[in-house]
Amino acid sequence: MTLAASVREAMLAAVPSLRAFAISLSGNVDRADDLVQETLLRAMANIDSFQPGTNMSAWLFTILRNLFRSEYRKRRREVEDTDGSYAESLKSHPEQHGRLEFEEFRAALAKLPPDQREALLLVGASGFSYEEAAAICECAVGTIKSRVNRARTRLAELLAIDSADDFGPDQPTRAIMTASGPR
Amino acid sequence: MRSNVQTRVDVQARRPRGRLSRETMNKLGKVLEAYFDDVRSQGVPDRFKELLQQYNKDHARQDNDKGSS
């Protein structure tokens, strides 16, 4: 069965956010795009199980998140990450995200535990409610809330944005917060 | 959208017991959004548009085959 135009449009509309989520999870644009591709293929193959009228974006995020998790687990089994090389790969390729000004932010994000990072990205950046994020991560709403809180607190510490004294003119991440209009 | 962002955090505004002030939360939220918007602004890469088009082409052919047999 071919995809209805409305379904196809809804899928494509979710792609930019899916990519942002995938890049933030994997730290690598190429792997992220492969993840998005795999997500779309799975979604199309299982389009019968998508309920029209429900949130297409949340459905796709759920698929992508599960794919990333199983790939991450497999990778951990294949290559013992005892020296933290996988964790290191999440933060050692600034050129792969494109903009250098986000390097400090990406490095901080990579230091968060995966559960917390994922929760923060869903609620803080992807626009999902706590309830939607809980459904995507298959956990309780309270769990998501506490993960997001811990992630925010840790991130604020890592970026030192809780202190007025640390605002310097040459700190790129801080520059974003003070930027006016599109650059 | 990002204009008039205050550059100073009122340290007194911090809540006790390690909880973040609203202002810190707002700043963090803005960085997160800017980080995601950086990728979102790239739109939909052609490979994904083509992927969906190809899927429909393949399945339209299958549907036709079924219909004519």
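**Student:** Would you mind showing me how to read the overall build of chain A here?
**Tutor:** Helices and strands together make up the secondary structure of chain A, namely 10 helices and zero strands. Considering chain A as a whole, with its 183 residues, one finds that 48% of them fall into the buried category. Sequence-distant contacts in chain A: of pairs separated by 6 or more residues, those separated by 24 or more amount to 60%. Carbon and sulfur atoms provide 49% of the accessible area of chain A, an area that totals close to 8600 Å².

**Student:** Any chance you could explain the packing of aromatic side chains here in plain terms?
**Tutor:** Pairs of aromatic rings are described using the distance from one ring centre to the other and the angle between the two planes. Going through the model one piece at a time under the given rule, you end up with six aromatic pairs over all chains. Ring plane angle 75 degrees and centroid distance 4.8 Å describe the contact between Phe61 of chain A and Phe128 of chain A, whose orientation is recorded as edge-to-face. Highlighted residues: Phe61 of chain A in helix 3 (residues 56-78) and Phe128 of chain A in the loop between helix 7 (114-125) and helix 8 (130-137), separated in sequence by 67 residues. The exposure class of Phe61 of chain A is buried, given its relative accessible area of 0%. An angle of 50 degrees between the planes, with centres 6.3 Å apart, marks the rings of Tyr35 of chain B and Phe36 of chain B as tilted. As far as burial versus exposure is concerned, Tyr35 of chain B and Phe36 of chain B are alike and both buried. A connected cluster of aromatic rings, assembled from ring pairs, spans Phe102 and Phe105 of chain A together with Tyr35 and Phe36 of chain B. The ring of Tyr130 of chain A has Lys145 of chain A lying over it, and the distance from NZ or CZ to the ring centre is 5.5 Å.

**Student:** What's the story with the packing of helix 1 (residues 5-26) of chain A against helix 2 (residues 29-45) of chain A in this structure? I'm lost.
**Tutor:** Two packed helices can be described by the angle between their axes and the distance between those axes. Residues and elements named next belong to chain A. Orientation of helix 1 relative to helix 2, taken along the N-to-C sense of each, is 135 degrees, at an axis distance of 8 Å. Classified by the interaxial angle, the pair formed by helix 1 and helix 2 is oblique. Here the hand of the crossing between helix 1 and helix 2 comes out right-handed. Here Met11, Val15, Leu18, Arg19, Ala22, Ile23 and Ser26 of helix 1 lie close against helix 2, whose contacting residues are Val29, Arg31, Ala32, Asp33, Leu35, Val36, Leu40, Ala43 and Met44. When its residues are assigned to classes, the contact of helix 1 with helix 2 shows 12 nonpolar, one polar and three charged.

Calculation rules
Residues numbered from 1 in each chain as written. Chains lettered and ligands numbered in written order. Predicted model: local features only at pLDDT ≥ 70, side-chain atom pairs only at ≥ 80, totals over all residues. Heavy atoms only, no water. Helix = DSSP H or I, 4+ residues; strand = E, 2+ residues; numbered from the N terminus. Buried < 20%, exposed > 50% of the residue type's maximum accessible area, 1.4 Å probe, protein only. Contact = heavy atoms within 4.5 Å. Areas by Shrake-Rupley, 256 points an atom, 1.4 Å probe, with all protein chains shown as cover. Phe/Tyr/Trp six-rings, centres within 6.5 Å; stacked < 30°, edge-to-face > 60°. Lys NZ or Arg CZ within 6 Å of the ring centre and 35° of its normal. Axes fitted to C-alpha atoms, helices over the stretch in contact; angles between N-to-C directions. Parallel < 35°, antiparallel > 145°, perpendicular 65-115°, else oblique. Left-handed = near helix turned anticlockwise from the far one by under 90°. Nonpolar A, V, L, I, M, F, W, Y, C, P; charged D, E, K, R; others polar.

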